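Given next are the chains, with one letter for each unit.
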Amino acid sequence: MKAKRAVVYGESVGGYAELCAGASALAEEVIAMVVGSADQASAVAELGVAVRLLEISEDVWLDDCWPALIEEITALQPELVLLRAGKRVRALAGRLSVATGVPVASDVASLAEAEAGFEFGLVRYGGATEQASVAPSVIAIVGPGLFAPAAPVGGGSVTTIDAAVASGPIRLLSRAPLAEESVDLGVAEVVVGVGRGIGSVENVARAAELARKLGGELACSRPIAEGLGWLPKNRYLGVSGAVISPKVYLALGISGQVQHLVGVNGSKAIVAINKDKNAPIFGHCDLGLVADLEAMLPELLDKLA
Amino acid sequence: MKIVACFKVVRDERDLVVAPDRTVTLDACGLRVGDYDLNAIEAGAQLAADGGELVALTVGGEEVRDSKLRKGVLSRGVSGLTAVVDPSLTTADAGATAEVLAAAVGRLDGVDLVVCGEGSADRYAQQVGAQVAARLGLPYLNEISKIEVSADGLVVERTLDGVVETLAVPLPAVLSVTSGLNSPRIPTMKDILGAGKKPATDWSLADLGVALPVPAAAAGPERAPESRQRAGAVYEAAQQQEFFDALRRLIGKDAK
Ligand SMILES: Cc1cc2nc3c(=O)[nH]c(=O)nc-3n(C[C@H](O)[C@H](O)[C@H](O)COP(=O)(O)OP(=O)(O)OC[C@H]3O[C@@H](n4cnc5c(N)ncnc54)[C@H](O)[C@@H]3O)c2cc1C
C-alpha cells in the first residue's frame, strides 16, 4: 500500500529532483523541507511539490537549524523521510531517528513499498554482502542515481515555517571553502586508478601523465587520498568515494578489496597491474599483468602514449 | 579529561564463504576491530596522553570477548576496556547499538568526551555517534579532521562537502572523527606486554538496566551480490608484449 506522506530534505537545491521523484512514487503526499532562502524554496517548488521553508540568512550555521527542522518533520508524522546523502545530513539523520524512533537506512541500494511499509536494500562490508530489510517507517539516506530526477512541472507551493533558530552549545568560529578542483570522473572513457602499490608521489605524477595521454582521468584508492594525501579526496573510487563506469579502468598497484571494486565494477573492462600474482584484483579483471610498477610505468608511458 | 572511544568488533569479510545460491557464511571469518574505529581510539589516546583517562568501549556478542583482540585494543594507549556483551548485539543495528552505548557511557560516569569512528567496517551507516549524542542530550559533530584542547572545551575542524568549519565545542560532547585525522599507532612490544595488565570489564544488558533492543527493521538473510564474470587474462611480466597488445586494443590505440 502506498504510504500517506513523505518528507524530503537535501542540503542543496540540486538534490531535490531525484528525491521528489522517488518520494512521489512511494507516497501520496510529498512535502519538501528547504532550509535557506526564498529563491531556493521556489526553485524546489518548481518540481510541483509543497515546500516548507525555514528561512535563514547565509551567516546562520546550518546545524543550528536542526531542532526547528526536526520539530517540523516530527509533527508531520511522515512514514517516509528521504534525505539526500551528504556529510552534514548524516548528523541530522541520527538526531531525527532518536527524536522519532524511526530507523535510519544509510545509502540505500534500493527502496520500494512493501506490504508493511518499505523494503530497502543495504550493503554490508563495503559491498561484500547485501541485505534487504522491511520497516513500517524509515529515514532513508539516498545517494545520487537511485531515482531518476523529476522534471520541473510547476504548480508547487511555498509556506514558511514559523520557528526561531537559536544558537546551540557549539559555536561556529569560522568556515572556509574546501579548495578542491572539481572533477567529473564519471564522463571519462579511460580512468587510471592508482593504489598504494604506486609507491611514490613521482609515480603518481607519471600515472597522471599516462591518464592525460590516454585522454582520460586519474583516480585512486581511498588510502592514496585519505591516508597518504597524494591525491584529493574527490578522486578516490569505491563504496565511500566515486562510482564510475568507463570503457577501460586501469588499476595500478591496487589490491582489489571489495570496498574499492564496487566503485569500478560497472567498467566495461578492468585492467590491472600488480606485482603480487595473488592480489584479489586479478580475480576481477579482464586483463592483467603481474609486474613491478617501478619498472613498468616508463614502459606503459612509452608503449601507450 | 575522561574519554570514551567506541569500537566495533567485526568479521573479516576477506574470508567470506559464498554458497552457490549466494548466501554467505561469516562464522569462519576472522575477527578484527573496524578499520576506522582505530582512528577514534588513536584520537582518544592522544588527548588522554597528558594525564587523561581513556576507556575503549564496545558492545556486541561473544565475539567481543576475544582475548587477542582485546589485547590489541589495550595496547593502543587506552587505560582500560569495557564491553557490553549480549548474543543479540552481534546483529544490532545503529539504533540499538547507540542505545546500549549511551547507557554504558552513562554508567561509566563523569565522561567528558565520547569519540566514535567515521563508520563501522560492516554496516558503515555512520549513525552511531549522532545517535549516542542525541540519546545523551550532548553536543555532537561528525567529520572531525582536527582536534585541539582549549580553555573551555575543544576547538575542532570539521571537513564537509566543499567546506571546512572551525568550531568551539563545550564538554561533555560526542565527536565522530575522519580516517584522515590521525594514523593509528602500531603498538610496540612494550605496549603489547603492558596490555595484559590493563583492566577489562564486561557488563550485561541487565547490568545497565537496558531491555533487549527490539530491531527497528526486520532484516532478511545476508547475500553476496551478483558478481560479473570477467575474462581474467593475466600475463606474467615475460609476456608483457601480449599484455600491451591486448591493452592497446581495449583503449583503441593501434600497435606501435
Ligand atoms: C568502511 C570502509 C569503507 C572503505 N571505502 C573504500 C573506498 O571507497 N575506496 C577504496 O579504495 N577503499 C575503501 N576502503 C579501504 C579498502 O578496504 C582497502 O583498504 C583499500 O582499497 C586498499 O587500497 P590499495 O589497494 O591502494 O592498497 P593495498 O591494499 O595496500 O594494496 C596495494 C597493492 O599494491 C601492490 N603493489 C605494491 N607494490 C607494488 C609495485 N611496486 N608494483 C605493483 N604493485 C605493487 C600490492 O601487491 C597490493 O596488492 C574502505 C574500507 C572500509 C573499512
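Rules of the game
- Residue numbers run consecutively from 1 along every chain, following the written order of its sequence.
- Just so you know, chain letters begin at A and ligand numbers begin at 1, following the order they were written in.
- Residue-level local features of this predicted model are given only where pLDDT is at least 70; pairs of side-chain atoms are given and counted only at 80 or more, and the full residue set underlies all totals for whole chains, interfaces and linings.
- To get the side-chain values, take all heavy atoms of the structure and skip hydrogens and water.
- What counts as a helix is a DSSP run of H or I of at least four residues, what counts as a strand is a run of E of at least two, and both are numbered from the N terminus.
- Using a 1.4 Å probe, the Shrake-Rupley method yields the accessible areas, and only the shown protein chains count as cover for residues.
- For Phe, Tyr and Trp, where Trp contributes only its six-membered ring, two rings pair if their centres lie within 6.5 Å, and the inter-plane angle classes them as stacked under 30 degrees, edge-to-face over 60, or tilted in between.
- Each residue is placed in one exposure class: buried if its accessible area under a 1.4 Å probe, protein chains only, is under 20% of its type's maximum, exposed if it is over 50%, and partly exposed if it falls in between.
- For a lysine, the NZ atom is tested; for an arginine, the CZ atom; a charge sits over a ring if that atom is within 6 Å of the ring centre and within 35 degrees of the ring normal.
- Here, proximity means that at least one heavy atom of the residue falls within 4 Å of the molecule or strand.
- Distance and chemistry together define a polar contact, namely a pair of N or O atoms within 3.5 Å, with one atom able to donate a hydrogen and the other to accept it when in protein, and with adjacent residues in sequence counting only for side-chain atoms on both sides.
- Classification convention: Asp, Glu, Lys, Arg as charged; Ala, Val, Leu, Ile, Met, Phe, Trp, Tyr, Cys, Pro as nonpolar; all other residues, Gly among them, as polar.
- If DSSP finds at least two bridges between two strands, the strands pair.
- For every element, the axis is a line fit to its C-alpha atoms; helices are fit only across the contacting stretch, and the angle between N-to-C directions ranges from 0 to 180 degrees.
- We call two residues in contact when some of their heavy atoms are within 4.5 Å.
- Here the quantity called buried area is the accessible surface, traced with a 1.4 Å probe, that two parts lose on coming together, added over both.
- Definition used for salt bridges: Asp or Glu carboxyl oxygen within 4 Å of a side-chain nitrogen of Lys or Arg.
- A positive count includes Lys and Arg, and a negative count includes Asp and Glu. His and the chain ends are not counted in either.
- Cysteine sulfur atoms that pair up within 2.5 Å are treated as a disulfide.
- Side-chain atoms within 4.5 Å link the members of a nonpolar core, which is a set of buried Ala, Val, Leu, Ile, Met, Phe, Trp, Tyr and Cys residues.

## Some points on the overall build of chain A
Working step 1: A tally of helices and strands in chain A yields eight helices and 16 strands.
Working step 2: Taken along its principal axes, the extent of the C-alpha atoms in chain A is 65 × 45 × 40 Å.
Working step 3: Just so you have it, chain A exposes about 12,600 Å², and 50% of that area is on carbon and sulfur atoms.

## Describing the packing of aromatic side chains
Residues and elements named next belong to chain B.
Working step 1: Summed over all chains, the structure comprises three aromatic pairs over all chains.
Working step 2: Geometrically, the ring pair formed by F243 and F244 is edge-to-face, given 5.5 Å between the ring centres and 70° between the ring planes. Across the pair, F244 and F243 agree in class, each one buried.
Working step 3: Just above the ring of W203 sits the side chain of R107; from NZ or CZ to the centre is 4.8 Å.

## A look at the site of the ligand
Residues and elements named next belong to chain A.
Working step 1: For the ligand, the set of nearby residues contains 28 residues, the closest of which are R196, S221, L237, S255 and N274.
Working step 2: Interatomic distance of 2.8 Å between a backbone N/O atom of R196 and an oxygen atom of the ligand.
Working step 3: In the environment of the ligand, a nitrogen atom lies 2.7 Å from a nitrogen or oxygen atom belonging to the backbone of L237.
Working step 4: When the ligand sits alone it has 990 Å² of accessible area, and the protein chains cover 86% of it.
Working step 5: A breakdown of the residues in the shell around the ligand according to their chemical character gives nine nonpolar, 13 polar and six charged.

## Some details on the sheet that holds strand 12 (residues 190–194) of chain A
Working step 1: The strand order across the open sheet formed by six strands is 13(A)-12(A)-14(A)-15(A)-16(A)-15(B), and the pairing between neighbours is parallel. The two strands at the open ends of the sheet, each matched to only one other strand, are strand 13 (217–220) of chain A together with strand 15 (233–236) of chain B. When the angles between neighbouring strand axes are averaged without regard to direction, this sheet yields 20°.
Working step 2: Packing against the sheet, helix 5 (residues 201–213) of chain A makes contact with strand 12, strand 13 and strand 14 (248–252) of chain A, and its axis sits at approximately 140° to strand 13 of chain A.

## Here's the deal with the interface of chain B and chain A
Working step 1: Listed per partner, the contact involves 71 residues of chain B and 81 residues of chain A.
Working step 2: Taken together, the two surfaces of chain B and chain A that pack against each other cover about 6,200 Å², and 57% of this comes from carbon and sulfur.
Working step 3: Applying the counting criterion to the chain B and chain A interface returns five salt bridges.
Working step 4: Of the charged contacts in the structure, one is a salt bridge between R158 of chain B and D63 of chain A, with a shortest N-O distance of 3.1 Å.
Working step 5: Where chain B packs against chain A, one counts 41 residue pairs in polar contact (both at pLDDT 80 or more).
Working step 6: Among the secondary structure elements, those contributing two or more residues to the side of chain B that touches chain A are helix 4 (128–136), strand 9 (140–150), strand 10 (153–159), strand 11 (163–169), strand 14 (218–223), strand 15 and helix 7 (240–250) of chain B.
Working step 7: Here the element with the most residues in the side of chain B that touches chain A is helix 7 of chain B; it accounts for eight residues.
Working step 8: Per-class residue counts for the side of chain B that touches chain A are 38 nonpolar, 13 polar and 20 charged.
Working step 9: Here six bridges tie strand 11 (residues 171–177) of chain A to strand 11 of chain B, and the two strands are oriented antiparallel to one another. When the bridges of strand 11 of chain B are listed, A176 of chain A appears paired with V164 of chain B.

## Observations concerning the pattern of salt bridges
Working step 1: Inspection of every chain in the model, using the stated rule, returns 30 salt bridges over all chains.
Working step 2: Ionic pairing is found between R88 of chain A and E165 of chain B, a salt bridge with its closest N-O pair at 2.9 Å. Of this pair, R88 of chain A sits in helix 4 (residues 87–100) while E165 of chain B sits in strand 11, placing the two residues on different chains. Each of the two residues, R88 of chain A as well as E165 of chain B, counts as buried.
Working step 3: K146 of chain B serves as the salt-bridge partner of E148 of chain B, at 3.8 Å between the closest nitrogen and oxygen.
Working step 4: You can call K146 of chain B partly exposed: its relative accessible area is 38%.
Working step 5: Where salt bridges share partners, they join E11, D63 and R88 of chain A together with R158 and E165 of chain B into one cluster.

## As for the side chain of K2 of chain B
Residues and elements named next belong to chain B.
Working step 1: Here K2 is to be found in strand 1 (residues 2–6).
Working step 2: One buried charged side chain, K2, makes no salt bridge at all; its nearest oppositely charged neighbour is E53, positioned 4.5 Å away.
Working step 3: Other than its neighbours up to four places away in sequence, K2 contacts E53, L108, D109, G110, V111, D112 and L113.

## Concerning the state of the cysteines
Note on terminology: disulfide describes a covalent bond linking the sulfur atoms of two cysteines.
All names here are of chain A.
Working step 1: Considering all chains together, one arrives at zero disulfides over all chains under this definition.
Working step 2: Free of any disulfide, C65 has its nearest cysteine sulfur in C20, 20 Å distant.
Working step 3: For C65, a relative accessible area of 0% corresponds to the buried category.

## A few points about unusual backbone geometry
Residues and elements named next belong to chain B.
Working step 1: Omega for the bond connecting L171 with P172 falls within 30 degrees of zero, at 0°, which places this linkage in the cis form.
Working step 2: You can see P172 is positioned in the loop between strand 11 and strand 12 (173–177).
Working step 3: Unusually for a residue other than glycine, D109 sits at a positive phi of about 70°.
Working step 4: Note that D109 resides in the loop between helix 3 (94–108) and strand 8 (113–116).
Working step 5: Judged by its relative accessible area of 56%, D109 falls in the exposed class.
Working step 6: Backbone geometry at Q126 places phi at a positive 55°, although glycine is not the residue there.
Working step 7: Positionally, Q126 belongs in the loop between strand 8 and helix 4.
Working step 8: Residue Q126 is classed as buried on the basis of its relative accessible area of 14%.

## Digging into the nonpolar core
Working step 1: In this structure, V8, Y9, Y16, M33, L82, L111 and F120 of chain A are the most contacted members of the largest nonpolar core, which totals 60 residues.
Working step 2: Among the elements that make up this core, the one with the highest residue count is strand 2 (residues 27–36) of chain A (seven residues).
Working step 3: Once you skip the residues sitting within four places of it in the chain, V8 of chain A turns out to touch Y16, L19, C20, A23, V30, I31, A32, M33 and L82 of chain A.
Working step 4: F7, V33, V115 and V177 of chain B belong to the second-largest nonpolar core, a separate cluster that totals 38 residues.

## Things to note about the sheet that holds strand 9 of chain B
Working step 1: A sheet is described by the order of its strands in space; here ten strands give the open sequence 11(A)-11(B)-10(B)-9(B)-12(B)-8(B)-1(B)-6(B)-7(B)-13(B), paired in mixed fashion. Of all strands in the sheet, those bounded by a partner on one side alone are strand 11 of chain A together with strand 13 (200–203) of chain B. Neighbour to neighbour, the strand axes of the sheet diverge by 30° on average, direction disregarded.
Working step 2: By the bridge criterion, six bridges tie strand 9 of chain B to strand 10 of chain B in an arrangement that is antiparallel. Looking at strand 10 of chain B, one finds that E148 of chain B is bridged to V155 of chain B.
Working step 3: Running over the sheet, helix 3 of chain B touches strand 1, strand 6 (53–60), strand 7 (80–85), strand 8 and strand 13 of chain B and is turned about 145° from strand 6 of chain B.

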